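# Chains, contacts and geometry: an overview
Read off the chains here:
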Amino acid sequence: MKSSNTQNFDYRPENTIHTQTVVEAKIVLLGDSGVGKSSIAQRYCNDAFSDNYDVTIGGAYMQQKVNVDGTIVKMHIWDTGGSDRFRSLVSMYYRDAIAAVICYDLTNDRTF
Ligand SMILES: Nc1nc2c(ncn2[C@@H]2O[C@H](COP(=O)(O)OP(=O)(O)O)[C@@H](O)[C@H]2O)c(=O)[nH]1
Ligand SMILES: [Mg+2]
């Protein structure tokens, strides 16, 4: 009797599907306006830094992938606009996030 598991299975290398485990992770950056959230995201995702201060309107979205012991973790990084004006939008960014990075300015304790 034929094993039903191996029946019709094509083992030719060109037909082998290489699967890679990918974990999706939503991360939010929180903290007062001007503490450096966008700069952290920029550096982490694009390895770039700018002296210009462009206030983030609402929020910005970036992606970065890291390999953790062979598992690709695809991070969806949400950079929030820290200003009070955008506070009502923040809860939208929290939703389904697995981590929040709370940022403050070391040189300004009022941002802690
Ligand atoms: N000196 C210094 N300036 C920084 C640092 N991180 C960010 N900045 C500057 O601080 C300002 C505000 O940064 P930004 O990332 O836009 O803050 P955000 O409002 O929290 O997103 C910008 O002009 C940045 O260039 C830092 O580590 N050191
Ligand atoms: Mg910003």
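Heads up: these notes are all about the structure in this document.

What counts and what doesn't
Residues numbered from 1 in each chain as written. Chains lettered and ligands numbered in written order. Predicted model: local features only at pLDDT ≥ 70, side-chain atom pairs only at ≥ 80, totals over all residues. Buried ≥ 20, exposed ≤ 12 C-beta atoms within 10 Å, placed from the backbone. Helix = DSSP H or I, 4+ residues; strand = E, 2+ residues; numbered from the N terminus. Arc of directions from axis to C-beta. Contact = placed C-beta atoms within 7 Å. Core = buried A, V, L, I, M, F, W, Y, C linked by C-beta atoms within 7 Å. Pairing = 2+ DSSP bridges. Near = placed C-beta within 6 Å. Nonpolar A, V, L, I, M, F, W, Y, C, P; charged D, E, K, R; others polar. Axes fitted to C-alpha atoms, helices over the stretch in contact; angles between N-to-C directions.

## Details of helix α1 (residues 37-46)
Restricting attention to buried positions, one finds in α1 the residues K37, S38 and A41. Viewed end-on, α1 has its buried residues packed into an arc of 90°, placing them on one side of the element. In the core, the buried residues of α1 are packed alongside β1 (22-31), β2 (59-68), β3 (71-80) and β4 (99-103). In the segment just after α1, D47 is the residue with positive phi, at about 45°.

## Re the nonpolar core
Among the nonpolar cores identified, the biggest contains 8 residues, and these are V28, L29, V35, A41, I77, W78, Y93 and C103. For this core, the secondary structure elements donating two or more residues are β1 and β3. Beyond its immediate chain neighbours, meaning those up to four positions away, W78 contacts K26, V28, L29, G59, Y61 and Y93.

## Brief notes about the pairing of β2
Within a regular strand, side chains alternate between the sheet's two faces. When you tally the buried positions in β2, you get 0 out of 10 residues, a small fraction of the element. Bridge count between β2 and β3: 10 bridges; the pairing is antiparallel. The partner of Y61 across the bridge, within β3, is W78. Adjacent in sequence and paired antiparallel, β2 and β3 are bridged by 2 residues, among which D69 carries a positive phi angle near 50°.

## As for the site of ligand 1
Surrounding ligand 1, one finds 13 residues, the nearest of these being G36, K37, S38, S39 and Y53. Here the shell around ligand 1 gets 3 residues from one element, more than from any other, and that element is α1. Residue composition of the shell around ligand 1, grouped by class: 2 nonpolar, 9 polar and 2 charged.

## Some details on the environment of V23
Structurally, V23 is set in strand β1. Here V23 falls in the exposed class, since 12 other C-beta atoms lie within 10 Å of it. Sequence separation between V23 and V73 is 50 residues, and the spatial gap between their C-alpha atoms is 4.7 Å. Aside from chain neighbours lying at most four places away, what touches V23 is T71, V73 and K74.

## Overview of the sheet that holds β4
Strand order in the open sheet made by the 4 strands is β2-β3-β1-β4, with mixed pairing throughout. A strand with exactly one partner marks an edge of an open sheet, and here the two such strands are β2 and β4. When strand polarity is set aside, the average angle formed by the axes of neighbouring strands in this sheet is 25°. Inspection of the sheet shows β1 paired to β3 by 8 bridges, in the parallel sense.

Keep in mind that these numbers describe shape and distance, not what the molecule does.
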